[in-house]
Amino acid sequence: MFAAFRGGEPRALFELIAEDAVWLVNGTVPVAQRYEGRDRIFELFRETRRLTTSPEPDLVVFNAKVYTMDATTPIAAALATKAGRFVAVGSTADIRALVGKRTQTLDAKQMTIVPGFIDCHNHAGGTTLLYEVLVGNPFEVEFVTIASIVDKLRAKARETPPGVWVEGYFFDDTKLKDKRPLNVHDLDLVSGEHPVAVHHRGGHTSFYNSKALELAHITRETPNPAGGTFDRDASGELNGRVTDRARSAFNGVGQRHSFTADQRAERERNGLAHISKQFVRYGLTSVHHENGDLSALQDVHARGDLLHRVSYESSGRVLDSMIASGLTTGFGDEWIKLGATSEHTIDGSFSERTMALGTPYPGSQPPYTGNITETQEDLNAWVERVHRAGIQVNCHANGDVAIDMFLTAVERAQKLLPRADARPKITHCTLVNDDLVRRIKAVGAVPAMFTTYAYYNSDKFVFYGEELMRRCMAYRTLIDAGVPAAAGSDFSPGPFAPLMGIQGMVTRTGWDGKTWGANQRITVDEAIRVNTVNGAYAAHEESLKGSITEGKLADFVVLADDPHTVSKDKIKDIQIVRTVVGGATKYQS
Ligand SMILES: [Zn+2]
């Protein structure tokens, strides 16, 4: 009921109640006994009762093209919301007839409305976006120069004491105007006194300057450790690129800014508030967060800066304590809810070309089949433990070999302890075959597949070739098999813009004009469904969100153009005019 105290002071009210009040539950009134401010409480109560009992909607939007994604009324022209939910969907005449004295109205002028978009896989790293040097564009395809990277890092070095790290983020090796790789000599131009690192947005490779290599005692003679490399140029000299586990050589080296616990918490809060603004700017109303600071999330929500809804995917200590205390998927409220686990990783990366394939990477010599990072035995034990605890299992499986391992573990757990509707989640689920699809369907698994990659990363698919790309990000195949494939941007490796994702699903054509796996194209309507209804299903929230249906949360997006009718290669450019969450506008262009 507190959600209905709009215009009031919910925090003050909570304090009053906690201090000296009697609860009357079941949606009625908190009565302050002996408290001076009780008139204010009764005033708030009257307002609440008006909101919950009067038939007047809070908001009516009319004269729109509403794609509801609800089969009973697929197209409508108007909608009404009240107390955060849709209360009516229909024709402009019918819905305008509901308008009361206090109803806010909005003429959509024939713009398009769709349900709020849902991203089912996101490393919502707001602190990096807010506080760090960004050497690439996190959100769009943008080519940068090596000179621009050096300039940005030089500026940072000028305000950084010698010996302290200077680092850049969101680098993308295939988004450079200079047609050559970034190297150690470029980064030596930044500084000879600071260790310097540039991190790839994919999360598996970094580039270092000579000072950093020196501090870490890495020379041309240093052998590669297991699971990583210190890359070299043609003459055998270190070129500055360091991959995967070799990067741990730099962990205890040089000085890093240190923050007090309070400063860290404040940075987390500000980072979350910042990324929340970015999400609604692109039309996302629900996002599945991989880990993160749960208390910061609650603080940001309490101070009113959480603009999107969060399905919180736990690992480590949070997951352990969930299991220990019996908390399961679904605990929480409409804003912050415990979802599946975070991705338990089984294999390598699609964009950085280390995912586990059943056949070697085309042209690789010696034949390379990618990285498996978990034994079947350990995976079985992990899946069983989570499944037994009643928590939704979620594993990162890109290649066909990893997806097979995931399904083997899930089938085993279901045999030991059958549980209906468990919806084990496969993050990425990139490369499938007929047998895997049959097993995914049989076990009721929910894939959260790459969205923006088809457009953004088309420059990397040449490493797989057309034959494999016909089975990668296989939306067509999975939807045809009746599997509710959902969208998982994997930000920061991938941009999260849902419209960029939809364009890629519909065209399978990248920024470079190259098309890969056109057999996996889906329709605009299907792509919207992937980003809305199927996302809700992936988190067991289909009765709460995903479509514009009476009774569901009033989360929707107003688009300047209709993705069904604009040219397919312009879908990503459609302007997000307004993002509404729980009936309240959280972004307006
Ligand atoms: Zn991920």
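Here the structure is shown first, and the text comes after it.
Definitions and cut-offs
- Residues numbered from 1 in each chain as written.
- Predicted model: local features only at pLDDT ≥ 70, side-chain atom pairs only at ≥ 80, totals over all residues.
- Heavy atoms only, no water.
- Helix = DSSP H or I, 4+ residues; strand = E, 2+ residues; numbered from the N terminus.
- Rg over C-alpha atoms; globule rule 2.2 N^0.38 Å.
- Buried < 20%, exposed > 50% of the residue type's maximum accessible area, 1.4 Å probe, protein only.
- Areas by Shrake-Rupley, 256 points an atom, 1.4 Å probe, with all protein chains shown as cover.
- Pairing = 2+ DSSP bridges.
- Contact = heavy atoms within 4.5 Å.
- Axes fitted to C-alpha atoms, helices over the stretch in contact; angles between N-to-C directions.
- Right-handed = clockwise from strand over helix to strand, strands pointing away.
- Expected span 1.5 Å × (residues − 1).
- Arc of directions from axis to C-beta.
- Donors = N, O, S within 2.8 Å, 3.2 Å for Na, K, Ca; no water.
- Tetrahedral: all angles 85-135°; square planar, octahedral: opposite > 155°, others 65-115°.
- Core = buried A, V, L, I, M, F, W, Y, C linked by side-chain atoms within 4.5 Å.
- Disulfide = S-S within 2.5 Å.

K.L.:
Hey, could you run me through the overall build of the chain in this one?
P.N.:
The helix and strand inventory of the chain stands at 19 helices and 27 strands. Relative to the 2.2 N^0.38 estimate, which gives 25 Å for 589 residues, the radius of gyration of the chain is 25 Å and therefore close to what a compact globule would have. Across its three principal directions, the C-alpha atoms of the chain cover 80 × 55 × 50 Å. Burial analysis of the chain (589 residues in total) assigns 54% to the buried set. Accessible surface computed for the chain: about 24800 Å², of which carbon and sulfur atoms make up 51%.

K.L.:
I tried to follow the sheet that holds strand β14 (residues 205-208) on my own but got confused; where do I start?
P.N.:
Across a sheet, paired strands are connected by hydrogen bonds in the backbone, their directions being either parallel or antiparallel. The mixed open sheet is built from six strands, whose spatial order is β11-β12-β13-β14-β16-β15. Pairing within the sheet leaves two strands with one partner each, and these edge strands are β11 (133-134) and β15 (228-232). For strand β13 (residues 196-200) and β14, the ladder comprises three bridges, and the chain directions are antiparallel. Residue His199 lies in a different strand from β14, and its bridge partner there is Ser206. Against the sheet, helix α5 (residues 146-158) engages β11, β12 (166-171) and β13, with an angle of about 145 degrees to β12.

K.L.:
Could you clarify how one ought to interpret the pairing of strand β21 (residues 394-397) in this entry?
P.N.:
On β21, burial covers both faces: Asn394 and His396 on one face and Cys395 and Ala397 on the other are all buried. When strand β20 (residues 344-345) meets β21, the two strands line up parallel, connected through two bridges. For Thr345, the partnering residue across the bridge sits in β21 and is His396. Handedness of the crossover joining β20 and β21 through helix α11 (residues 376-388): right-handed. Pairing analysis gives four bridges linking β21 to strand β22 (residues 425-428), with the strands arranged parallel. The residue bridging Ala397 from the neighbouring strand is His428, located in β22. Once the chain exits β21 it traverses helix α12 (residues 400-416) before rejoining the sheet at β22, and the crossover so formed is right-handed.

K.L.:
Where do I start with α5 in this structure?
P.N.:
An α-helix turns once per 3.6 residues; consequently, residues spaced three or four apart project the same way. Here α5 contains 13 residues, and its C-alpha end-to-end distance of 18 Å stays within 8% of the 18 Å for a straight helix at 1.5 Å per residue. The complete set of buried residues in α5 reads Ile146, Ile149, Val150, Leu153 and Ala157. Projection of α5 onto a plane perpendicular to its axis shows the buried side chains occupying an angular sector of 95 degrees, all on one side. On the buried face of α5, the contacting elements are β11, β12, α6 (184-188) and β13.

K.L.:
Could you clarify how one ought to interpret the coordination of the zinc ion in this entry?
P.N.:
Under ideal tetrahedral coordination, the four donors around a metal are separated by 109.5 degrees; under ideal octahedral coordination, the six donors are separated by 90 or 180 degrees. For the zinc ion, the protein coordination sphere consists of His121 (NE2), His123 (NE2), Glu343 (OE) and Asp490 (OD), at 2.1 to 2.4 Å. Coordination at the zinc ion is irregular: its four donor atoms span angles of 83 to 173 degrees at the metal. Counting along the primary sequence, the residues that act as donors to the zinc ion give the motif H-x1-H-x219-E-x146-D. Linking His121 in strand β10 (residues 117-122) with Asp490 in the loop between β24 (486-487) and α17 (498-507), this pair joins segments that are 369 residues apart in sequence.

K.L.:
Which parts of the structure should I look at to understand the nonpolar core?
P.N.:
Grouped burial of nonpolar side chains is what soluble globular proteins tend to show. Grouped together as the largest cluster of nonpolar side chains are 82 residues, with contacts concentrated most on Val383 and Ile440. The leading source of residues in this core is α12, at eight residues. Excluding its chain neighbours within four sequence positions, the residues that come into contact with Val383 are Val393, Cys395, Ala409, Val410 and Ala413. One finds Val133, Val135, Leu176 and Leu182 within the second-largest nonpolar core, a separate group that totals 17 residues.

K.L.:
So what exactly am I meant to see when it comes to unusual backbone geometry here?
P.N.:
Peptide bonds are mostly trans, and most non-glycine residues show a negative phi. With an omega of -5 degrees, the peptide bond between Gln365 and Pro366 qualifies as cis. With respect to the helices, strands and loops of the structure, Pro366 is situated in the loop between β20 and α11. Positioned with a positive phi, Asp244 is a non-glycine residue whose angle comes to about 40 degrees. Note on placement: Asp244 falls in strand β16 (residues 238-244). Phi at Arg423 takes a positive value of approximately 50 degrees, unusual for a residue other than glycine.

K.L.:
Would you take a moment to explain the state of the cysteines for this structure?
P.N.:
A covalent bond bridging the sulfur atoms of two cysteines is what the word disulfide describes. Across all of its chains, the model carries zero disulfides by this definition. The cysteine Cys120 is free of any disulfide, with Cys429 supplying the nearest cysteine sulfur at 13 Å.

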